[in-house]
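Structural description and commentary
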Amino acid sequence: MVPPPLLELSVLFLCITAGVKFCSTDVAQLPIDVVRASTVGNSSTAYECFENQYDMPLVFWHKVSLEPKLSLIRSLSIQDLTTKRELLMAGCKWLWDSVPGLILLEVYSGDQPIKTYKKPGNVYSSVKTKTNSTHWRCDESSFVEHVEITFENKITVIVEANLSAVTIDQCEKSDESNVFNGTNKCHDTTTDCVYKPGDRPFSAGNYWCVCKPGYYSAHVKYDGALVEVALPEEIEEKYSCHKCWEGCDTCEGPGSCMAKFAWIQRSTFLGITVVCIILTVILIWFVHKNRRIKVFRIASPTFLIITLIGCIIMYSEMGIMFPECTQELCVATKWARHFGFCITYLALLMKTWRVSLTYRVKSAHKLKLTDKQLLQWMTPILVIILVYMGSWTLSDPPQAVLCKETDTELKFWRCSNDWWDYCLAVGEVLFLVWGVRVCYVVRNAESFYNEAQLINFAIYNIFIVNITMMTIHFFLFPDIGPNFKYTLGFIRTQLSTSVTIGLVFGSKVIRVLKGQGDHWEKKLQAKGLMSYEMNEVCEETNDLQTENEELKEEIFKLATQIGLLKNSLMHVNNRHLRKYGCQSCNPVILNQQTPTSKTGSFFKSLGSNNCLAPSPNA
């Protein structure tokens, strides 16, 4: 490497004008080959120094440093000889005194010499040539760089510098033109070259081979002098570094910088989740098999099965999160979490919304909302979610990013969060708030098997769990470790999914297993709760039969009242009727007649009423 004064105050340059050219380098013998042969090579192949034997490219002179210094000299015309002499002499004096390492400086104007400076003992006499050139020569076993440049105004500068006092820099540089740049023999993949100024002037190997970031070695660095004489196989084996474990920016050994997974804990959580999925599949089969039992038929088997399918999708998130995070798994995780939540929550909310509409009707006309109508309203919402998730996946899919644990500083892969996540989170919060409002409206609604209240509790639970987990995930602990994150995912899944299944399906399954699935709750039936019965507005195929049964009940009640009134009026002040022995004339006995009896005995009693027969004493 050239000493700073020599670089800063250089008087020669690579290429001043288009007319300046360098003599071509011998293909078989580059400058670095000459230096290596004379410094680190075998003595039998040492470089023999002959004058003008090799034409070399310029080594150390920098065009940028020379251009402003000689701009005035280049502007001088050949006619202004007096001014030119004074300026050239002053410039030569300044350059000779300020640039160390120069052993010769000669300036010509045309063929006329202007000024010559020589170091004592330099007996070499330069010969001015017709072309610009640069080459090396030997002076008492010392390398000398000889440079000769002629400007377009016929001013010629000849400079010789002693290279033996200069340390060669073989490392890469971008701001300096140097034929030795990049000639180091460090292992390209794993090590970097670091220049080492020292006591080995003009010789190869003045550098260290230091491990790159992300690599380590038992040695902190390798001496370039040893690397220079090593064969390529030795460099690969002895003078290279090993790659650090994934996630380590820097390392001193083979230790891992990644957070370790608690595989036993994760396997336990995954095993519990798999059991829940199997039980949910069995529950789907159980609901379908017993769909005609009243406890399931009233709750709409279609929406019950849709709810269970959404729960299975949410359960699957734990399996997707089990291995190390990748971009593909991030996309699958987002789909499982949000789409499964949408299906489950929307199915429950549609059922509750139907109860809300039915409960708020104040007219005598009963509101009919079938499963088909609810599915038609549910479909557009699902389509919107599908379009949003699809656009997200195709345009800007979630990425796996490397993060650090807050406490241990260990790294782990997690899915990125961007404005797609935040927009979807806001939409889900609004959706949850609407569901809570609907549940509040129907909080006092009574239904068979307490269906409406159980769904309300499930929606309240989903609201609380999701809001809590969003707060933890986005605000409180965004960079928690992978094991804690997986634990929170398991807790969220169990609280929002398993608890929902338990609330909505637990009592129904127990009733069916006890054989009470077709039993009505008498206290609710006595209150005329048929107007709030969910199945009455869900099973479209049974509407006609249900209405006929209700019509019969109303006719039976009306017939009972008419019979009572008729018999009472006929009995009053009618001496032709018997006062005793006629059970059908007794209002108390008539009230004990079951109005819903389908045997027709009541109408037969009206048709053959013995109370109307005349008394035998009449």
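Residues numbered from 1 in each chain as written. Predicted model: local features only at pLDDT ≥ 70, side-chain atom pairs only at ≥ 80, totals over all residues. Heavy atoms only, no water.

Our next topic: the sheet that holds strand E9 (residues 221–223). Pairing is antiparallel in the open sheet, where three strands are placed in the order E6-E7-E9. Each edge of the open sheet carries a strand with a single partner, namely strand E6 (191–195) and E9. Adjacent strand axes in the sheet meet at a mean angle of 30 degrees when their direction is disregarded. Of the strand pairs in this sheet, strand E7 (residues 207–211) and E9 are connected by three bridges, and their pairing is antiparallel. (Pairing = 2+ DSSP bridges. Helix = DSSP H or I, 4+ residues; strand = E, 2+ residues; numbered from the N terminus. Axes fitted to C-alpha atoms, helices over the stretch in contact; angles between N-to-C directions.)

Here we take up empty space enclosed by the protein. Within the structure shown, the criterion is met by six cavities of 30 Å³ or more. Space inside the largest cavity adds up to approximately 690 Å³. For the largest cavity, the lining is made up of 40 residues, of which Glu 317, Met 321, Arg 337, His 473 and Arg 492 are closest to its centre. The residue makeup of the lining of the largest cavity, split by class, is 22 nonpolar, eight polar and 10 charged. (1 Å grid on protein atoms, 1.4 Å probe; cavity = no way out; pocket = protein on both sides within 12 Å on 5 of 7 lines; lining within 4 Å. Points joined across faces, edges and corners; volume = space filled by probe spheres on them. Nonpolar A, V, L, I, M, F, W, Y, C, P; charged D, E, K, R; others polar.)

A few words now on the state of the cysteines. Taken as a whole, this structure holds six disulfides when the rule is applied. A sulfur-sulfur separation of 1.9 Å characterises the disulfide bridge that pairs Cys 171 with Cys 193. Its torsion about the S-S bond being -65 degrees, the disulfide of Cys 171 and Cys 193 is classed as left-handed. Here Cys 193 lies in strand E6 and Cys 171 lies in the loop between strand E5 (155–162) and E6, a separation of 22 residues in the sequence. With its sulfur 2.1 Å from that of its partner, Cys 330 forms a disulfide with Cys 415. The sign of the S-S torsion, about -100 degrees, decides the handedness of the disulfide formed by Cys 330 and Cys 415: left-handed. Linking Cys 330 in helix H11 (residues 327–360) with Cys 415 in strand E12 (residues 411–415), this pair joins segments that are 85 residues apart in sequence. (Disulfide = S-S within 2.5 Å.)

Next up on the list: the pattern of salt bridges. Scanning the model with the defined rule gives seven salt bridges in all. One salt bridge in this structure joins Glu 317 and Arg 492, with 2.7 Å as the shortest N-O distance. With Glu 317 in helix H10 (residues 301–320) and Arg 492 in helix H15 (residues 482–513), this residue pair connects regions lying 175 residues apart in the sequence. On the basis of relative accessible area, Arg 492 is assigned to the buried category, the value being 14%. Lys 351 is paired through a salt bridge with Glu 451; the nearest N and O atoms lie 3.4 Å apart. Highlighted residues: Lys 351 in helix H11 and Glu 451 in helix H14 (residues 451–476), separated in sequence by 100 residues. For the pair Lys 351 and Glu 451, one class covers both residues: buried. Through salt bridges with shared partners, a single network forms among Glu 317, Arg 337 and Arg 492. (Salt bridge = Lys/Arg side-chain N within 4 Å of Asp/Glu carboxyl O. Buried < 20%, exposed > 50% of the residue type's maximum accessible area, 1.4 Å probe, protein only.)

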